[in-house]
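Architecture and fold: a report
Spelled out from the first residue to the last, the chains are:
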Amino acid sequence: MPDSIEIVINKAPQNVAAGTTVAVAMMAAGAATRRSVKGEPRAPVCGMGICMECRVTIDGRQHVRSCQVVCQEGMEIETDG
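Everything numeric in this text was worked out from a predicted model, so none of it was measured.

What about unusual backbone geometry?
Of note, Met 52 is a non-glycine position whose phi angle comes to about 65 degrees, a positive value. Assignment of secondary structure puts Met 52 in the loop between strand 4 (41-42) and strand 5 (55-58). Non-glycine residue Asp 59 carries a positive phi angle of around 50 degrees. One can find Asp 59 in the loop between strand 5 and strand 6 (61-65). Classification of Asp 59 as exposed rests on a relative accessible area of 53%.

Following this line, the structure appears as structure tokens:
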């Protein structure tokens, strides 16, 4: 298993430690996961998939809870944040 992998967050390449969840990778990159209806940046709250604040698009699949997904090499993550 490699020590680090490369993912893409909002078209920007990021190197993260293997085994990192998407939510943690996004926080480390300073990326908000989405915006509220009032336009405020949102971020993970519960870290266990209940709050739904961490939803992102991963490899074209919308509304994925980023705290529940481990980063994979080449994964493309998009946010509305």
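A few points about the side chain of Ser 66
Along the chain, Ser 66 turns up in the loop between strand 6 and strand 7 (76-78). On the basis of relative accessible area, Ser 66 is assigned to the buried category, the value being 0%.

Some remarks on the nonpolar core
If you look at the biggest cluster of nonpolar residues, it comprises 13 residues, and the most contacted ones within it are Ile 7, Val 22, Ile 58, Cys 71 and Ile 77. Secondary structure elements with two or more residues in this core: strand 1 (4-9), helix 1 (22-29) and strand 5. Residues in contact with Ile 7, not counting those within four places in the same chain, are Ala 12, Pro 13, Gln 14, Val 16, Ala 25, Cys 71, Gln 72, Met 75 and Ile 77.

A word on the environment of Val 45
With respect to the helices, strands and loops of the structure, Val 45 is situated in the loop between strand 4 and strand 5. For Val 45, a relative accessible area of 62% gives the class exposed. Note: C-alpha distance between Val 45 and Thr 33 (twelve residues apart in sequence) is 11 Å. Apart from the residues lying within four places of it in its own chain, the contact partners of Val 45 are Cys 51 and Glu 53.

Quick look at the sheet that holds strand 7
Taking strand neighbours across the sheet as the criterion, the five strands line up as 2-1-7-5-6 in an open arrangement whose pairing is mixed. At either margin of the open sheet sits one strand with a lone partner, and together these are strand 2 (12-17) and strand 6. Shown here is a sheet whose adjacent strand axes are inclined to one another by a mean of 40 degrees, direction ignored. Alignment of strand 1 against strand 7, held across two bridges, turns out to be parallel. Among the inter-strand pairings, Ile 9 is bridged to a residue of strand 7, identified as Ile 77. Together, strand 1, strand 2, strand 5 and strand 7 form the strand contacts of helix 1, whose direction differs from that of strand 1 by roughly 75 degrees.

Conventions and cut-offs
- Residues numbered from 1 in each chain as written.
- Predicted model: local features only at pLDDT ≥ 70, side-chain atom pairs only at ≥ 80, totals over all residues.
- Heavy atoms only, no water.
- Helix = DSSP H or I, 4+ residues; strand = E, 2+ residues; numbered from the N terminus.
- Buried < 20%, exposed > 50% of the residue type's maximum accessible area, 1.4 Å probe, protein only.
- Core = buried A, V, L, I, M, F, W, Y, C linked by side-chain atoms within 4.5 Å.
- Contact = heavy atoms within 4.5 Å.
- Pairing = 2+ DSSP bridges.
- Axes fitted to C-alpha atoms, helices over the stretch in contact; angles between N-to-C directions.

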